[in-house]
Amino acid sequence: MTTFLLCTLLVLIPALLIFSAVASFRKMTECKSPRKASRINFAVFGSLILIVAMTSVSVFASPSDSAEETEQTEQAQEDANDSSKGLGLLAAGLVTGLAGIGGGIAVAAGAPAAIAATSEDPKSFGKSIIFVALGESIALYGVVIAILILQKV
């Protein structure tokens, strides 16, 4: 049951995120209100939070008291240990990739603004480079979290 829920989440979450991004991009290119695109994003992220909360409650709420269930859970834990390494590697890859994408987006927005501010006033270089460094730190946080995940696997 938990494997089915996990597989469903691994398929459903990226699909909803891609749908949200495509819908937002369409709204922006059609020169419609960015508020509508924001509402779609908030709805998708809210539904994702509900899905994750419901699946975590259903996984942790299942009782196991009898001896047969204990033997089955021991066998399932052995199987889960085999698959947990693969899921840990998948999680580390996702963290690194998504953090890299986020950092790239942040630097793509901040660096041209920093260059423009520096060209107008050379004294603003120190202040503007901080914003570019903040965008790059997002990717570094992803790498640190990936290293922590890999140490647990």
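Counting from 1, residues in each chain are numbered in the order their sequence is written. Under the rules for a predicted model, residues below a pLDDT of 70 receive no local features and side-chain atom pairs below 80 are neither given nor counted, while totals for whole chains, interfaces and linings still include all residues. Neither water nor hydrogens contribute to the side-chain values; these are computed over all heavy atoms in the structure.

## Topic: the overall build of the protein
Counting from the N terminus, the helices are DSSP H or I runs at least four residues long and the strands are E runs at least two residues long. On a plain count of helices and strands, the protein comes out with four helices and zero strands. Its helices and strands in sequence order give the protein the pattern α-α-α-α, from N to C terminus. The long-range fraction of contacts in the protein, counting pairs at least 24 apart against all pairs at least 6 apart in sequence, stands at 73%. Only the protein chains shown count as cover for residues, and all accessible areas are computed by the Shrake-Rupley method using a 1.4 Å probe. By element, 71% of the accessible surface of the protein is carried by carbon and sulfur atoms, the whole surface being about 11,300 Å². A contact between two residues is defined here by any heavy atoms of the two lying within 4.5 Å.

## Thoughts on helix 4 (residues 125-152)
What a helix should span is 1.5 Å times the count of its residues minus one. With 28 residues, helix 4 extends 41 Å between its outermost C-alpha atoms, agreeing within 8% with the 40 Å of an ideal straight helix rising 1.5 Å per residue. Relative accessible area decides the class of each residue, using a 1.4 Å probe on protein chains only: under 20% of the type maximum gives buried, over 50% gives exposed, and in between gives partly exposed. If you check which residues of helix 4 are buried, you get Ser128, Val132, Gly135, Ser137, Gly142 and Ala146.

## Digging into a nonpolar patch on the surface
Residues Leu87, Leu90, Leu94, Leu98, Ile101 and Ile105 make up a contiguous nonpolar surface patch of roughly 570 Å² in combined accessible area. Tracing the backbone through its elements, the reader meets leucine 90 in helix 3 (residues 67-120). Note on leucine 90: relative accessible area 40%, which makes it partly exposed. Patches here are clusters of residues that have more than 30% relative accessible area and form no salt bridge, with a 9 Å joining cutoff for like charges and a 5 Å cutoff for nonpolar side chains (Val, Leu, Ile, Met, Phe, Trp, Tyr). The salt bridge criterion pairs a side-chain nitrogen of Lys or Arg with a carboxyl oxygen of Asp or Glu, the two atoms within 4 Å.

## Focus: the side chain of serine 128
Within the secondary structure, serine 128 sits in helix 4. Judged by relative accessible area, which is 9%, serine 128 ranks as buried. Sequence-distant contacts of serine 128, defined by excluding residues within four places in its chain, comprise Ala114 and Thr118.

## Considering the side chain of serine 137
Mapped onto the elements of the fold, serine 137 is located in helix 4. Using a relative accessible area of 18% as the deciding quantity, one classes serine 137 as buried. Here leucine 134 takes part through its backbone oxygen, which lies 2.6 Å from a polar atom of the side chain of serine 137. Counted as a polar contact is a pair of N or O atoms within 3.5 Å, where, for protein atoms, one must be capable of donating a hydrogen and the other of accepting one, and residues adjacent in sequence contribute only when both atoms are in side chains.

## A few points about the confidence of the model for the protein
For any part of a model where pLDDT is low, the fine detail of the predicted coordinates should not be relied upon. Taken over all residues, the pLDDT of the protein has a mean of 76, while the share at 70 or more is 62%. Considering each helix and strand of the protein separately, the mean pLDDT is smallest for helix 2 (residues 34-60), with a value of 67, and largest for helix 4, with 89. The pLDDT score gives, residue by residue, the confidence of the prediction method on a 0 to 100 scale.

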